[in-house]
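A look at the structure
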Amino acid sequence: DKMKTMESRLSFLLNKVQADEEGRVIQAEDRKKLEAQVLMYSEKNEELQHKMTEMGESNRVITQALRLKQEELNEVTAKYDHLVKETHMLRDSNKDDGNDGGEDMNGARP
């Protein structure tokens with residue numbers, strides 16, 4: 001009877017050792033899969049970081065170009081406004097002198 005109990009215990013322990021070994025193998029496989037995923041995500045992260053840095057540089061260049069164009073636009077607008085003002089002043093000056101740029105009406109019939 002003792003022998004049967006011992007055999008039963010031994011069988012239980014062997015099964016437990018085998019199950020534990022299978023569990024370790026499965027854990028090792030899972031760990032390898034996770035390590036591969038971590039490596040893949042790390043590489044993807046580096047790639048995206050590089051792209052983000054490039055985009056940041058591009059945005060900086062575009063922003064600087066936009067600032068320069070805005071300055072140019074402001075200068076051209078100021079020049080245009082000045083010319084319009086001068087044109088109005090000249091037109092007003094000519095009207096005051098009686099020369100509004102129209103035809104000479106001295107020979108016209110009523």
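In what follows, the structure referred to is the one given above.
Everything numeric here is computed off the predicted structure, so don't read it as measured data. (Residues numbered from 1 in each chain as written. Predicted model: local features only at pLDDT ≥ 70, side-chain atom pairs only at ≥ 80, totals over all residues. Heavy atoms only, no water.)

Remarks on the overall build of the chain
- Scanning the chain from N- to C-terminus turns up one helix and zero strands.
- The buried share among the 110 residues of the chain stands at 0%.
- Of the roughly 10,900 Å² that the chain leaves accessible, carbon and sulfur atoms contribute 57%. (Helix = DSSP H or I, 4+ residues; strand = E, 2+ residues; numbered from the N terminus. Buried < 20%, exposed > 50% of the residue type's maximum accessible area, 1.4 Å probe, protein only. Areas by Shrake-Rupley, 256 points an atom, 1.4 Å probe, with all protein chains shown as cover.)

So, the pattern of salt bridges
- Scanning the entire structure with this criterion turns up five salt bridges.
- A salt bridge links R24 to E21, with the shortest nitrogen-to-oxygen separation between them at 3.2 Å. A residue pair is termed a helical-turn pair when its members lie 3 or 4 positions apart in one helix, as R24 and E21 do in helix 1 (residues 2–96) at three residues.
- Using a relative accessible area of 47% as the deciding quantity, one classes R24 as partly exposed.
- In this structure, the salt-bridge partner of R60 is E57, at a minimum N-O distance of 2.8 Å. With R60 and E57 both in helix 1 and three residues apart, the pair spans about one turn of that helix. (Salt bridge = Lys/Arg side-chain N within 4 Å of Asp/Glu carboxyl O.)

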